[in-house]
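Inside the fold
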Amino acid sequence: MSLVLALDQGTTSSRALLFDVAGGIVGMAQREYPQHYPEPGWVEQDPRDIWQSQLGVAREVMATNGIDPEQIAAIGIANQRETTLLWDRRTGEPLHNAIVWQDRRTGAACDTLVERGEGPRIRSRTGLEIDAYFSATKLAWLLDHVPGSRERAQRGEIAFGTVDAWLLWNLTAGRVHATDPSNASRTMLFDLHKCAWDDALLELFQIPRELLPDLRPSHGDFGHTTLFGGEIPIRGVLGDQQAALLGQGCCRAGMVKCTYGTGCFLLMHTGAMPVESRHRLLTTIAWQRAGRVDYALEGSVFSAGAIIQWLRDGLGIIQTAADVEGLAGSVADTGGVMLVPAFTGLGAPHWNPHARAAIVQMTRGTTKAHIARAALEAIAQQVADVVEAMGADIHAAGGSGEGGGFHAGGLPAFELWVDGGAAANDLLLQIQADVLGVPVFRHAHAEATAAGARAIALAQPTTNIRRAEARVFHPQIDAARRQSARERWQRTLKEHAC
Ligand code: ADP
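All of the points below concern the structure found in this document. Just so we're clear, the structure is a prediction, and the values are computed from it rather than from any experiment.

Conventions and cut-offs
- Residues numbered from 1 in each chain as written.
- Predicted model: local features only at pLDDT ≥ 70, side-chain atom pairs only at ≥ 80, totals over all residues.
- Heavy atoms only, no water.
- Near = heavy atom within 4 Å.
- Polar contact = N/O pair within 3.5 Å; in protein donor to acceptor, adjacent residues only side chain to side chain.
- Areas by Shrake-Rupley, 256 points an atom, 1.4 Å probe, with all protein chains shown as cover.
- Helix = DSSP H or I, 4+ residues; strand = E, 2+ residues; numbered from the N terminus.
- Nonpolar A, V, L, I, M, F, W, Y, C, P; charged D, E, K, R; others polar.
- Pairing = 2+ DSSP bridges.
- Axes fitted to C-alpha atoms, helices over the stretch in contact; angles between N-to-C directions.
- Salt bridge = Lys/Arg side-chain N within 4 Å of Asp/Glu carboxyl O.
- Buried < 20%, exposed > 50% of the residue type's maximum accessible area, 1.4 Å probe, protein only.

This paragraph deals with the site of the ligand. The immediate surroundings of the ligand are formed by 14 residues, with Thr262, Gly305, Gln309, Gly421 and Asn425 found nearest. Interatomic distance of 2.6 Å between a side-chain N/O atom of Gln309 and an oxygen atom of the ligand. With respect to the ligand, the side chain of Asn425 contributes an N or O atom lying 3.0 Å from a nitrogen atom. The protein chains hide 66% of the 580 Å² of surface that the ligand would expose on its own. Considering each element in turn, the shell around the ligand owes the most residues, four residues, to helix α10 (residues 305-315). Classifying every residue of the shell around the ligand by side-chain character gives seven nonpolar, seven polar and no charged.

What holds strands together in a sheet is hydrogen bonding between their backbones, with the strands either parallel or antiparallel. Judged by pairing direction, the sheet is mixed, and its seven strands sit side by side in the order β17-β18-β16-β15-β21-β22-β23 without closing on themselves. Where the open sheet ends on each side, the last strands, each with one partner, are β17 (282-289) and β23 (471-473). The sheet shows a mean angle of 25° between the axes of neighbouring strands, taken without regard to direction. Here strand β15 (residues 256-260) pairs with strand β21 (residues 416-419) via four bridges, running parallel. Bridge pairing in β21 places Lys257 opposite Trp417.

Let's shift gears to the pattern of salt bridges. For the structure shown, the criterion picks out 31 salt bridges. Of the charged contacts in the structure, one is a salt bridge between Glu60 and Arg31, with a shortest N-O distance of 3.0 Å. Placement of Glu60 in helix α1 (residues 47-64) and of Arg31 in strand β3 (residues 25-32) is noted, with a sequence separation of 29 residues between them. For the salt bridge of Arg292 with Asp294, the shortest nitrogen-to-oxygen distance reads 2.6 Å. The exposure class of Arg292 is partly exposed, given its relative accessible area of 33%. Residue Asp294 is classed as buried on the basis of its relative accessible area of 5%. The network of salt bridges with common partners includes Arg81, Glu82, Arg186, Asp240 and Glu298.

In structure tokens:
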């Protein structure tokens, strides 16, 4: 009874990891599954593919490592967030493909809500900006487009869930229809302060209450599964970004995690206090356990690793993403060149969908190495923009609520913990530490999301955080240089992208 089975249900693949008592990884299996793009801007997944791929990798990791169900103390789940599913409670059959978080089909419906002035009410209750990203308008779309579904919903015949609820339903053969607050807080139907479904929002989106999953603390009893032979309890559920926050050990107010993938996902733990953002960040629930709710501020950068992909595929100045480090490292600075990475607009805290990318301040001496370095600086500066906004929000809210610990100047006294594909780049992380002026920590193993699923199942958040084994990047430039680089970046953004 010493292992934990972590299920990491991601947007492009399902993964299953076995962890030992000390948090070491015993085994891992991964399987990609199909994505569907029925119309421009639409993204769907077949719920059966989500479930079958997840079940498949769980069975595979147990079989290849010769593990019996009796050896597994608990299952923890981390899942892609916001993705919206409807199924028949009697047969368990999906009523439609899942509408994935990236899907933009409800953009116009969101514009209408904004025009009607619903923004402030929704923001203050849910902590979210009105956007097609979140589940509420996706669920309303399903109820409008699947014939008879609204009536069937009112009769209690069908169930709504985000991916966590769908996995729980299938793992428990329909005995458990539940979700946790970290997932519920991404639906735009959930009151962040009361930690409950919100009747006024259900009314606004015309969502029958009968559809909704039970709310349970992120760590606790989610039933058990018998699908692997013996009985294995399911003890924890978290949305993937919150799982990465926990898996990185960011359990104290002011600690920030950043996942560097295609974009960057940042979360700052803000303690037991929901901090209302004045800088267009999102307020979200980190997790609920042991009778306490922890909150986080969240901000996303659209283009990060995507800039490196563009250097590779668009400009052709590198062969592989990893080559960028050597190329950028071959020059001491960018020679004044700035890259404005607004390829798909700018995310938090700028929120400008219309901005477009630019490379500025080039001279006859500019080389591809300067451009590569400017790309890394652009990633780091965008992350700094979000971190600074987090700091300013926290400062405006009067500290952490847990004894302070924040600088007066707005930037919190924190550490940045990093994961994701682009976090393999040492030079990027050194530039990040320089730009932020705080140490950047990279874990010895890169499985932050699965580590969070393990931690929430055990309610032992920090046991697998081996601080001593993390690689630390300390700032190496002084405050004056940092400040002038920040100002130059902000000026350039203002001139070219805002
Ligand atoms: P996602 O989950 O968004 O697919 P990953 O965490 O797998 O992303 O990271 C892949 C991204 O990281 C790609 O955009 C790629 O360009 C970038 N990347 C990978 N290795 C490096 C590197 N050494 N330096 C900079 N960027 C990198």
